[in-house]
Amino acid sequence: MNSDLAIVLALLAATVALFALNRPRMDAVALIMLTVLPLTGVVSLDEALAGFSDPNIILIAALFVLGEALVRTGVAQAMGDLLIRWAGPGEARLLALVMVMAAGTGAFMSSTGVVAIFIPIVLRIAANTGISAARLMMPLSAAALISGMMTLVATAPNLVVHGQMIRAGHEGFGFFAFAPFGLPMLALAILWMLFARRWLGRAPAALPAPRPRLEDWIGAYGLGTREHRLRIKPASPWVGKRLDDLDLRASAGINVIAVERGRGFGRHLIQPEAATRLQAGDVLFLDVVIEGFEVGGLALANHLQPLPISGHYFGDRKQDIGMVELMVPPGSRLINRSVTESRFRSEYGLVVIGLKHGATPVTAPVFAEKLRLGDTLLAVGPWKAIRNIRHAPDLITLGLPAEMDEVIERPARAPHALAILALVVTLMVAGVVPNVLAALIGCLLLGLFGCIDMPSAWRAIHWQSLMVIVGMLPFSIALQNTGGVDLAASTLLAAIGDSGPRVALAAIFVLTALLGLFISNTATAVLMAPVALALAAGIGSSPLPFAMTVALAASAAFMTPVSSPVNMLVVGPGNYRFSDFVKVGVPLTLMALAVSLTLVPLIFPFG
């Protein structure tokens, strides 16, 4: 071993130790090593910075944006709602559907993002069915990791190994080259989880008090009978009238909560203002304050069509209309003024529909009631206005409903997001353009059609993950420059002797999986891909089965909670211990080893 290699190995050992301790952060460690390696002279500055120009880094960043667009347009949440409808009461069916849907979604977006999306969905299902969340969370994380065995773009290690193949002058992998291994692995994992779930039924950890939901406030303030919807017919005298001309609040005690305009995909809610001019076909969302008011008579006299109500107090439009509970603090300019006198709607964009003096609800029309210090107000309106009112100096936000976390920012753009995703996948599968260019085209189209904006796109990129990859790539180059890759390959060759290529394949899988116990699966792939290629060359084998084995082993990060961010996300909601992952994850890893040793040589022959 030469001195340069000794330096590189010492730095690599320090990196692994710091990664395992997570002090400092992984991306900080990667940046430190990226700075130190050129100072040792084993790599040049250009080689150290080569990761920033690697097409796969750009591709991974673009895939984060594509995944975020699926979240913002509601595609991901729609899949979760579909899961709830399909699952029914059976736990076994629910577990299998969770795993299938998580793996299917993760094939086209970040597995970490998939778990983040599905955690609240699974928690809600667990609460509604009485099933312990612990029996579903680990199957969710396992399926998300297995999604990395489905497509080329499913996880960063696949792209890292693919990029290493290209740099070494070999042919890379096709888009669905991983699916023949991922699908059997998913089937085995579902069967294993159906058996192993009995070990995961521990009582959930103590959670913070749940946030109120809209139905809680609807019941507390007695709003259930106050909702009405009326469509304006072409013959209505209200057509062309401004809302302030009608003055429904003063004349009939009616608050106009929202106006729905348009049909089909063009249908949208507009926030009513005094100057809003009504059109034929508009649907008025009304809050009728005066008990016993005859809405039917109003509709008949003004050629308005009453519409059926679904849900409770606009609950079916919770993506557009929300509520917030507020308190009048000392020094507020609202004290001793009514809602009408304070021009509450004009000032905040919300309608006050409920009022309590202390703990006593006000039964009279609240818009004429004088506000007092400490009064509690319930206001309704668009979510944007609810977010803005949190900064109002004259009000204190007491409670935000849980539904606020489920609001989809751009639901009307879901068809566009799905079409763009299909286009990107088609371009990648057909090989019409390079994968990175296909992903960039998709990102630009998402922006063009309003599925995501630039600030959201930048925030969607997991810069920490990218920095870890960029910072670890110089180690791969340094090990090759100093002979470390050849040394590792020759050591493995000496260890396996004449046992054959299948044993060499097993050795590569086991070494990759063991290294993944201490560092991220992406960093593991960066280090092990060149070793696998060198080992293949040493035994005269095709590099394809060895590169594929590294990718599969990197995704098989089931054994500890620190093996992958995906596992870390479910530790809290599932109330898991370290031993839970060992108990369930070790058999899963052995299954992945068996699948690799059985199928990889069949699909990618050694010769």
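The structure reproduced in this document is the subject of the present report. Model, not experiment: these values are computed from the prediction.

Describing the packing of helix 6 (residues 91-106) against helix 10 (residues 179-196)
Line of reasoning, step 1. It is at 10 Å that the axes of helix 6 and helix 10 come closest, and there the two elements cross at 150°. Relative to helix 10, helix 6 is oriented so that their crossing is right-handed. Contacts from A92, L95, A96, M99, V100 and A103 of helix 6 reach helix 10 at L186, A189, I190, M193 and L194.
Line of reasoning, step 2. Along the lines of polarity and charge, the residues of the contact of helix 6 with helix 10 split into 11 nonpolar, no polar and no charged.

Re the sheet that holds strand 7 (residues 351-357)
Line of reasoning, step 1. Strand order across the open sheet formed by five strands is 8-7-9-6-10, with antiparallel pairing between neighbours. The open sheet has two free edges, formed respectively by strand 8 (360-361) and strand 10 (396-399), since each of these has just one partner strand.
Line of reasoning, step 2. Of the strand pairs in this sheet, strand 6 (residues 321-327) and strand 9 (residues 376-382) are connected by seven bridges, and their pairing is antiparallel. Its bridge partner being in strand 9, M323 is matched across the sheet by V380.

Overview of the packing of aromatic side chains
Line of reasoning, step 1. One pass over the full model with this rule turns up 11 aromatic pairs.
Line of reasoning, step 2. With a centroid separation of 4.8 Å and 80° between ring planes, the pair formed by F175 and F176 is classed as edge-to-face.
Line of reasoning, step 3. Looking at F175, the relative accessible area reads 5%, which means it is buried.
Line of reasoning, step 4. Centre to centre, the rings of W458 and W463 are 5.7 Å apart; their planes meet at 15°, and the pair counts as stacked.
Line of reasoning, step 5. Its relative accessible area of 46% is what places W463 among the partly exposed residues.
Line of reasoning, step 6. One aromatic cluster is present, built from ring pairs that chain together F173, F178, F181 and F604.

Here is what the cut-offs are and how they apply
Residues numbered from 1 in each chain as written. Predicted model: local features only at pLDDT ≥ 70, side-chain atom pairs only at ≥ 80, totals over all residues. Heavy atoms only, no water. Axes fitted to C-alpha atoms, helices over the stretch in contact; angles between N-to-C directions. Helix = DSSP H or I, 4+ residues; strand = E, 2+ residues; numbered from the N terminus. Left-handed = near helix turned anticlockwise from the far one by under 90°. Contact = heavy atoms within 4.5 Å. Nonpolar A, V, L, I, M, F, W, Y, C, P; charged D, E, K, R; others polar. Pairing = 2+ DSSP bridges. Phe/Tyr/Trp six-rings, centres within 6.5 Å; stacked < 30°, edge-to-face > 60°. Buried < 20%, exposed > 50% of the residue type's maximum accessible area, 1.4 Å probe, protein only.

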